[in-house]
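Observations on the model geometry
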Amino acid sequence: MSHWHLETLGIHAGQSHDPQTGSATVPLYMTAAYQFESPEQAAALFELREFGNIYTRITNPTTAVFEQRMAAIEGGAAALAVSSGSSAILLTVLNLTNPGDEIVSANNLYGGTYQLFTNVLPMLGRSARFVDPADPENFRKAITDKTKALYVETIGNPALFIPDFEAIAAIAREAGVPLVADNTVAAGLFRPLEYGADIAVLSATKYVGGHGRAVGGVIVESGKFHWNEKFPMFRNPEPSYHGLVYQDAFGNMDGANIAFMVRARTIFLRDMGMAISPFNSWLFLQGLETLALRMREHSANALTIARGLAENSLVEWVNYPGLPGHPAHERALRYMPRGQSGLLGFAIRGDGKKFIGNLKLLKHMVNIGDVRTIVTHPASTTHQQMSPEDRHKAGIDDNYIRLSVGLENTDDVLADIEQALQ
Ligand SMILES: Cc1ncc(COP(=O)(O)O)c(C=O)c1O
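Residues numbered from 1 in each chain as written. Predicted model: local features only at pLDDT ≥ 70, side-chain atom pairs only at ≥ 80, totals over all residues. Heavy atoms only, no water.

Across its full length, the chain carries 16 helices and twelve strands. At 22 Å, the chain has a C-alpha radius of gyration in line with the 22 Å of a compact globule built from 422 residues. By residue count, 57% of the 422 residues in the chain fall in the buried class. Considering only residue pairs separated by 6 or more positions, the chain has 71% of its internal contacts joining residues 24 or more positions apart. Entry remark: accessible area of the chain is about 17500 Å², with carbon and sulfur atoms responsible for 53%. Across the chain, the 34 positively charged side chains and the 43 negatively charged ones have centroids separated by 2 Å. (Helix = DSSP H or I, 4+ residues; strand = E, 2+ residues; numbered from the N terminus. Rg over C-alpha atoms; globule rule 2.2 N^0.38 Å. Buried < 20%, exposed > 50% of the residue type's maximum accessible area, 1.4 Å probe, protein only. Contact = heavy atoms within 4.5 Å. Areas by Shrake-Rupley, 256 points an atom, 1.4 Å probe, with all protein chains shown as cover. Lys, Arg positive; Asp, Glu negative; His and termini not counted. Charge placed at Lys NZ, Arg CZ, Asp CG, Glu CD.)

The next point concerns the sheet that holds strand 11 (residues 374-376). Sheets are built from strands that pair by backbone hydrogen bonding, the pairs being arranged parallel or antiparallel. Taken together, the five strands give an open sheet; going across it, the order is 8-9-12-11-10, and neighbouring strands pair in mixed fashion. Looking along the sheet, the strands with just one partner apiece sit at the ends: strand 8 (315-319) and strand 10 (363-364). Note: strand 8 against strand 9 (residues 343-348), four bridges, orientation antiparallel. Opposite W317, over in strand 9, you have A347 as the bridge partner. (Pairing = 2+ DSSP bridges.)

Per the stated rule, a full pass over the model turns up 14 salt bridges. Between R265 and E67 there is a salt bridge, with its nearest N and O atoms 3.0 Å apart. One end of the pair, R265, is in helix 10 (residues 259-272); the other, E67, is in helix 3 (residues 61-74), and 198 residues separate them in sequence. Taken together, the salt bridges that share partners define one network made up of E137, R140 and E174. (Salt bridge = Lys/Arg side-chain N within 4 Å of Asp/Glu carboxyl O.)

In this section: the packing of helix 3 against helix 11 (residues 278-288). Direction vectors running N to C along helix 3 and helix 11 enclose 40°, while the axes themselves pass 8 Å from each other. Accordingly, the angle class assigned to the pair helix 3 and helix 11 is oblique. Helix-helix and strand crossings are classified by hand; for helix 3 and helix 11 the assignment is left-handed. Judged by residue contacts, T62, T63, V65, F66, R69, M70 and I73 of helix 3 engage P278, S281, W282, F284, L285 and L288 from helix 11. (Axes fitted to C-alpha atoms, helices over the stretch in contact; angles between N-to-C directions. Parallel < 35°, antiparallel > 145°, perpendicular 65-115°, else oblique. Left-handed = near helix turned anticlockwise from the far one by under 90°.)

This next bit is on the nonpolar core. Counting 108 residues, the largest nonpolar core has F66, F117, L150, V208, I219, W227 and Y246 as the members making the most contacts within it. Among the elements that make up this core, the one with the highest residue count is helix 10 (eight residues). Two domains each put at least three residues into this core: domain 1 (6-287) and domain 2 (292-421). When near neighbours in sequence (up to four residues on either side) are disregarded, L150 contacts V104, F139, I143, I168, I171, A172, V177, P178, L179 and V180. F346, F355, L362 and L403 belong to the second largest nonpolar core, which has 22 residues in total. (Core = buried A, V, L, I, M, F, W, Y, C linked by side-chain atoms within 4.5 Å. Domains from an automatic or database assignment.)

With that settled, consider unusual backbone geometry. Residue N157 is joined to P158 through a cis peptide bond whose omega torsion reads 5°. Residue placement: P158 occurs in the loop between strand 4 (147-153) and helix 7 (165-175). Of note in the backbone geometry, L160 takes a positive phi value of approximately 65° without being a glycine. Mapping L160 onto the fold places it in the loop between strand 4 and helix 7. The phi angle at D254 is positive, at roughly 50°, despite the residue not being glycine. Mapped onto the elements of the fold, D254 is located in the loop between helix 9 (246-250) and helix 10.

The environment of the ligand is formed by 14 residues, the closest being N157, D182, S203, T205 and K206. In this structure, an oxygen atom belonging to the ligand sits 2.8 Å away from a side-chain N or O atom of S203. In the model, an oxygen atom of the ligand is placed 2.6 Å from a nitrogen or oxygen of the T205 side chain. A total of 390 Å² of accessible area belongs to the ligand in isolation, and the protein chains cover 91% of it. Tallying contributions element by element places helix 4 (residues 85-96) first for the shell around the ligand, with three residues. Broken down by class, the residue content of the shell around the ligand amounts to three nonpolar, eight polar and three charged. (Near = heavy atom within 4 Å. Polar contact = N/O pair within 3.5 Å; in protein donor to acceptor, adjacent residues only side chain to side chain. Nonpolar A, V, L, I, M, F, W, Y, C, P; charged D, E, K, R; others polar.)

Structure follows, in structure tokens:
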């Protein structure tokens, strides 16, 4: 399976022949719980001596196919699907830290993640230090004894910065901590785990589904990180599993260390309950079947729109990593040669909010990665709660208009933009 290409993985990975029905597509198992074969089997499942289905808060057969398919697409060893991209990020940070610990994060993040790191982590005894990712050395300078992870977005939403992954991963390795990369915007175009990241998190709500019909998230683990003494939670006996040591039990599953993922599922999903609905997993599986071809088309359309905007005298500037002159253009082509995804930013010579109000075809919403082209004004919506200074540092001034370019004909999209500008 690992030798298959992305197009093939999106259609087949994680699915095996269904001996009972022969169903060609992945069945939807809408069940909350599973009947045990025997009292002995029930006990074995609860002691983690046997892997199997107990209750849909922890596992589900439809979700399991979605998880395995995502692990294959991201080139990882194991995956965990959860209720949203935000819960994937929260669960990842909670699983890597104890109260008092810190993470060092790029400062140009999706607004919700920025708020999570700034306001919610301190409520839980954790904190984040923000750095400008343009210089990887900034991460090294911010690392302390308490640092337990470095965090970046592969294409930052919405400033569209692409970091130097190898350099940041090398700094994480030296510090003995994992690099976590949010690959929401570059799903199907880039595999952060192949460039030194240890954990990928994704909002499946966006390009993974592609249809804008469901909210969900995924965490994928490379299986290569060895949990050193900075991470006692994987090395010390776990009281809620009768002294189980995660790294001893799951540190070498067919050569992969999946201690992080088993702990995430058995402690956090089991006890905090941010489970995904099997129906949403099933909807995301429909999306994955066309991920590779959609991402090519989203990227090609975004490049066409970016070029069209760049030539328009009513447009002040355009921000798209696929355009020469973008600060991350060289890395965009090197890391994402098949395309640089569907997000672009621009500013007009005039009132941006009035322009948005004039659009007829484009939808004014706060989602991305949909087949529909979406326009957003981040400063007044997704990034409203940031201070103007922090917004400026993150590359989102008041005139920033974000487009998530969909799969409509680009002539129609450009015509709608032109009539709204006029
Ligand atoms: C880059 C990025 N990560 C995470 C999220 C959060 O995902 P969700 O909305 O599925 O919770 C978003 C949502 O916009 C996002 O853009």
